[in-house]
Amino acid sequence: MAPAAAAVAAPEAAAAGPGAARAASGHRLGPVALVVTGGLSVQFGSAVAVLLMPRAGALGVVTLRLVLAALVLLIVCRPKVRGYGRADWGTIVAFGAAMAGMNILFYQAADRIPLGAAVTLEVLGPLILSVVASRRLMNLLWAGLALGGVVLLGGGGFDRLDPVGAAFALAAGAMWAAYIVFSARTGRRFPQADGLALAMAFGAVLSLPLGIAEAGDKLLVPSTIGLGLAVALMSSVLPYTLELLALRRLPAPTFAILMSLEPAIAAAAGFLVLSQALSVTDALAIALVIGASMGAVRTQSRRAGAEAS
């Protein structure tokens, strides 16, 4: 949960003067845009995955997503496998396992409860991570506001949901928190997206037996593979690459609070792709979550400005 490179940039900017501090502050907007873009991609990809589930099942969709994403990343990145120590490979194994577990558990949840509710419960993992990792009162307040929006988005209670689906979503949230931690560590240990490609390949190997057991030769249908490739690109390759790059320059607590945007994006994706209507309460919850995320980013920027002065 140690801060990425952006956390070290503020003192250096202060030493260089106000101009450099403003440049560092503007540079910090980059990782925020990466996180938001990744969130849009992953949630609309998840909506497409829900449409694919009747063809391949939840575990089949996970397998298609991870295997195809791994193939794309391995071809594009061509990661080196020599020159790394035991700790580096341990990080890859942990990152890949967290990635596979997060996907398997989430799609089990999405197969039983609405997409917006599944993401709402799942995002509790990153929110708890932000509370545990943060050492500043203001960050805790923003996390609390985001949590209030998450609860409101769930209708004030989740007893109306399938309990097994809700349990899967909560477990996916725990894996999501682990994903954030090990994604940051992988980004610091491996260049470019090499670590992501290797971790994705390990996650694909873990999910492959489960997908074959559930879907069998349905995974080989050309139209299913095509949709699976779209899900892989939208929900894995693009967002995971953007998030890994962002975590190199964004502190983990701030990244975790930004993840609270996910229920709002999921609700929009559910409405546009799956025809799941939004209520006034949902809209208010989205406003709270977005407000909390913007507040977290502004707090981080003000902190950098204060250190620079």
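Located above this text is the structure these notes cover.
Let me begin by describing the structure that accompanies this report.

Here is what the cut-offs are and how they apply
- Per-chain numbering applies: the sequence of each chain, read as written, is numbered from 1 onward.
- With pLDDT at 70 or above as the cut-off, local features in this predicted model cover only qualifying residues; side-chain atom pairs require 80 or more to be listed or tallied, and sums for whole chains, interfaces and linings still use all residues.
- Think of the side-chain values as coming from all heavy atoms in the structure, minus any hydrogens and water.
- Think of it this way: any DSSP run of H or I at least four residues long counts as a helix, any run of E at least two long counts as a strand, and we number them from the N terminus.
- In this scheme, a residue with accessible area under 20% of its type's maximum is buried, one over 50% is exposed, and one in between is partly exposed, where area comes from a 1.4 Å probe on protein chains only.
- Polar contact criterion, stated in full: a pair of N or O atoms within 3.5 Å, where within protein one must be able to donate a hydrogen and the other to accept it, and residues adjacent in sequence count only if both atoms are side-chain atoms.
- In what follows, a contact means two residues having at least one pair of non-hydrogen atoms within 4.5 Å.
- The aromatic pairing rule takes the rings of Phe, Tyr and Trp, using the six-membered ring of Trp, and pairs them if the centres are within 6.5 Å, calling planes under 30 degrees apart stacked, those over 60 edge-to-face and the rest tilted.
- When a carboxyl oxygen of Asp or Glu is within 4 Å of a side-chain nitrogen of Lys or Arg, the pair counts as a salt bridge.
- For helices, the axis comes from a line fit to the C-alpha atoms of the stretch in contact; other axes are also lines fit to C-alpha atoms, and the angle between any two N-to-C directions lies between 0 and 180 degrees.
- Any angle between 65 and 115 degrees counts as roughly perpendicular, while under 35 counts as roughly parallel, over 145 as roughly antiparallel, and the rest as oblique.
- Handedness of a crossing follows from how the near helix is turned relative to the far one, being left-handed for an anticlockwise turn of less than a right angle and right-handed for a clockwise one.

1. A word on the side chain of Thr63
- Note on placement: Thr63 falls in helix α2 (residues 18–77).
- Overall, the relative accessible area of 3% leaves Thr63 in the buried class.
- Looking at Thr63, its side chain comes within polar contact range of the main-chain oxygen of Ser207, at 3.0 Å.
- When sequence neighbours within four positions are dropped, the list of residues in contact with Thr63 reads Leu68, Ser207, Leu208, Gly211 and Leu219.

2. Observations concerning the packing of aromatic side chains
- Per the stated rule, a full pass over the model turns up five aromatic pairs.
- Relative to Trp89, the ring of Tyr84 lies with its centre 6.1 Å away and its plane at 90°, an arrangement referred to as edge-to-face.
- According to the relative accessible area criterion, Trp89 is partly exposed, its value standing at 29%.
- Ring geometry for Trp89 versus Phe190: centroids 6.5 Å apart, planes at 70°, classification edge-to-face. Of this pair, Trp89 sits in helix α3 (residues 86–110) while Phe190 sits in the loop between α7 (163–189) and α8 (194–215), placing them 101 residues apart in sequence.
- These aromatic residues form a ring-pair network of at least three members: Tyr84, Trp89 and Phe190.

3. Points about the pattern of salt bridges
- Going through the model one piece at a time under the given rule, you end up with one salt bridge.
- For Asp88, the salt bridge identified is with Arg189, shortest N-O distance 2.7 Å. One end of the pair, Asp88, is in helix α3; the other, Arg189, is in helix α7, and 101 residues separate them in sequence.

4. Observations concerning the environment of Leu105
- One can find Leu105 in helix α3.
- As a C-alpha pair, Leu105 and Ala167 span 62 residues in sequence and 9.0 Å in three-dimensional space.
- Filtering out sequence-adjacent residues up to four positions away, Leu105 remains in contact with Phe168, Ala171, Ala172 and Met175.

5. Quick notes on the packing of α3 against α8
- Here α3 crosses α8 at 50°, and the two axes come no closer than 8 Å. One way to sum up the angle between α3 and α8 is to call them oblique. Viewed along their axes, α3 and α8 form a crossing whose handedness is right-handed. Judged by residue contacts, Trp89, Ile92, Val93, Phe95, Gly96, Ala97, Met99, Ala100 and Ile104 of α3 engage Gly195, Leu196, Leu198, Ala199, Met200, Phe202, Gly203, Leu206, Ser207 and Leu210 from α8.

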